[in-house]
Amino acid sequence: MNQYGIPEVFESEAQGIVKDVYEDIKFVLKVPIVNFIFRALANYPEFLTYAWQQVRPNMLTINMESAASQLRFPTINTIIPTHDFKKDYHPETLQHIKNVVSTFQYVNPKLLLIASAWSESLGNRPVIPQKNNLGQIQPGVSPSMPHIELIHIPTAPYYIKKLLLDIAQEHQSYDVSSDFRALANYPRFLEVTWHFLKSYIETDEYTLLTSKLSKEAISVVHQEMPFPVTINSHQLEKIYSPAQIAGIMGLVSLFQNFLPGLIVENEFIRKLML
């Protein structure tokens, strides 16, 4: 999979302001991992810092916590196959896998709201608050959250690389989400899950659900965010070249388009494990 890959700054590599932003992202979003969207945009540290400052107050509100919960469990009507994973893994390992899936299922709707707010604002459709702040959430990563390790694709065994390459190609992407890179630590689980999931991704229901989530997220950020998001390309011209600005906007758009599918896929995986 060496021909694939979006440049990113891993947590272990982060320094200075990027490291500080990473820690704050985990604190505010309440998860033990810095997701791919931030690791990719960390190649533009000034943008990441300013863009995060714009969405941060919103992500600390009950408004956005509630909005994310409404996006979290899309209704899948397709009959989901069953598989007895107890044949493959010890109960404790299975519970850990469930906790990993649950963590991504929790955070992905928040990431979609963030990407949607950035995309709208960068597209000269700034978020102008329509609703008051309904109150603050308690930030901080819960001790019950699982430790999550990501497979580093260039050094992964060949059969895992091949599986992740198939996932990337099916998603028509140049890379693989943190979700699947975390699950790649459990190859048999990912292999079985992807076998069922790949067929579902090709259905009309999947396409309709992802489209609906994308539209809902855009509507929510305009209607429910209590604090403005006004970052635009003209502001970036003081810092970045036109090519760099295009790169930033391309990354934001990529993740805005990618995340609805991940939300649906995580719900599929959750139901597969029931």
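Attention in this report is confined to the structure presented alongside it. In this text, all values refer to a predicted model and were calculated from it rather than measured experimentally.

Inspection of the secondary structure puts Q70 in helix 4 (residues 62–71). Residue Q70 is classed as exposed on the basis of its relative accessible area, which comes to 62%. Put simply, Q70 and P157 are 87 residues apart on the chain and 38 Å apart in space, counted from C-alpha to C-alpha.

This part takes up helix 8 (residues 187–201). The terminal C-alpha atoms of helix 8 lie 20 Å apart, and with 15 residues this matches the ideal 21 Å at 1.5 Å per residue to within 8%. Those residues of helix 8 that fall on the buried side of the exposure criterion are F189, L190, V192, T193, W194, F196, L197, Y200 and I201. Looking at the packing, one finds that the buried side of helix 8 touches helix 5 (91–122), helix 6 (158–170), helix 7 (178–183), helix 9 (204–224) and helix 11 (242–272).

What follows is about the packing of aromatic side chains. Enumeration according to the criterion identifies ten aromatic pairs in this entry. On the numbers, 5.9 Å between centres and 65 degrees between planes, the contact of F47 with W118 is edge-to-face. Pair noted here: F47 is in helix 3 (residues 45–59) and W118 is in helix 5, with a separation of 71 residues, a long-range link. The exposure class assigned to F47 is buried, which follows from its relative accessible area of 1%. Measuring from centroid to centroid gives 4.8 Å for F85 and F189, while their planes differ by 45 degrees, and the two rings are tilted.

A full pass over the atoms with the stated rule returns 14 salt bridges. With a closest N to O distance of 3.4 Å, E23 and K26 form a salt bridge. Taken together, the residues E23 and K26, both in helix 1 (residues 16–29) and three residues apart, mark about one turn of the helix. A relative accessible area of 14% places K26 in the buried class. When salt bridges with common partners are traced through the structure, they connect E8, R39, D175 and R181 into a single cluster.

With that settled, the discussion passes to the side chain of Q105. Relative to the assigned elements, Q105 resides in helix 5. Q105 has contacts with R72, F73, N266, E267 and R270, leaving out every residue within four places of it along the chain.

One can describe the packing of helix 5 onto helix 11 by two numbers: an axis separation of 8 Å at closest approach and a directional angle of 150 degrees. As summarised for this structure, helix 5 and helix 11 are arranged roughly antiparallel, according to the angle between their axes. In the packing of helix 5 onto helix 11, the handedness of the crossing is left-handed. Where helix 5 abuts helix 11, its residues V101, F104, Q105, N108, P109, L111, L112, A115, S116, W118, S119 and L122 lie against M249, V252, F255, Q256, L259, P260, L262, I263, N266, E267, I269 and R270. The residue makeup of the contact of helix 5 with helix 11, split by class, is 16 nonpolar, six polar and two charged.

With that settled, the discussion passes to helix 3. The first and last C-alpha atoms of helix 3 sit 20 Å apart over 15 residues, in line with the 21 Å expected at 1.5 Å per residue. Considering bend angle alone, the principal kink of helix 3 is centred on Q53 and spans about 30 degrees; proline P57 follows within four residues of it. Every buried residue belonging to helix 3 is among F47, L48, T49, A51, W52, Q54, V55, N58 and M59, and all of these are buried. For helix 3, the secondary structure elements touched by its buried residues are helix 1, helix 2 (36–41), helix 4, helix 5, helix 10 (233–236) and helix 11.

Note: most peptide bonds trans; most residues except glycine with negative phi. Here the phi dihedral of N124 falls at roughly 65 degrees; this positive angle occurs in a residue that is not glycine. As for its placement among the helices and strands, N124 is situated in the loop between helix 5 and helix 6. Residue class for N124 comes out exposed when judged on its relative accessible area of 51%. One non-glycine residue, Q172, lies in positive phi territory at about 55 degrees. Take Q172: it is sitting in the loop between helix 6 and helix 7.

This part takes up the side chain of T49. For T49, the location among the structural elements is in helix 3. Classification of T49 by relative accessible area gives buried; the value is 16%. For T49, the side chain forms a polar contact with the main-chain oxygen of P45, separated by 2.8 Å. T49 has contacts with I17 and V21, leaving out every residue within four places of it along the chain.

To continue, consider the packing of helix 1 against helix 3. Packed helices, taken two at a time, are described by the angle their axes make and the gap between the axes. The interhelical angle for the contact between helix 1 and helix 3, taken along N-to-C directions, is 20 degrees, at an axis separation of 11 Å. Accordingly, the angle class assigned to the pair helix 1 and helix 3 is roughly parallel. As helix 1 runs across helix 3, the sense of the crossing is left-handed. In contact with I17, V18, V21, Y22, D24, I25, F27, V28 and L29 of helix 1, helix 3 contributes P45, L48, T49, W52, R56 and M59. Class assignment for the residues of the contact of helix 1 with helix 3 results in twelve nonpolar, one polar and two charged.

Conventions we followed
- Residues numbered from 1 in each chain as written.
- Predicted model: local features only at pLDDT ≥ 70, side-chain atom pairs only at ≥ 80, totals over all residues.
- Heavy atoms only, no water.
- Helix = DSSP H or I, 4+ residues; strand = E, 2+ residues; numbered from the N terminus.
- Buried < 20%, exposed > 50% of the residue type's maximum accessible area, 1.4 Å probe, protein only.
- Expected span 1.5 Å × (residues − 1).
- Contact = heavy atoms within 4.5 Å.
- Phe/Tyr/Trp six-rings, centres within 6.5 Å; stacked < 30°, edge-to-face > 60°.
- Salt bridge = Lys/Arg side-chain N within 4 Å of Asp/Glu carboxyl O.
- Axes fitted to C-alpha atoms, helices over the stretch in contact; angles between N-to-C directions.
- Parallel < 35°, antiparallel > 145°, perpendicular 65-115°, else oblique.
- Left-handed = near helix turned anticlockwise from the far one by under 90°.
- Nonpolar A, V, L, I, M, F, W, Y, C, P; charged D, E, K, R; others polar.
- Bend = angle between axes of the 7 residues up to and from the residue.
- Polar contact = N/O pair within 3.5 Å; in protein donor to acceptor, adjacent residues only side chain to side chain.

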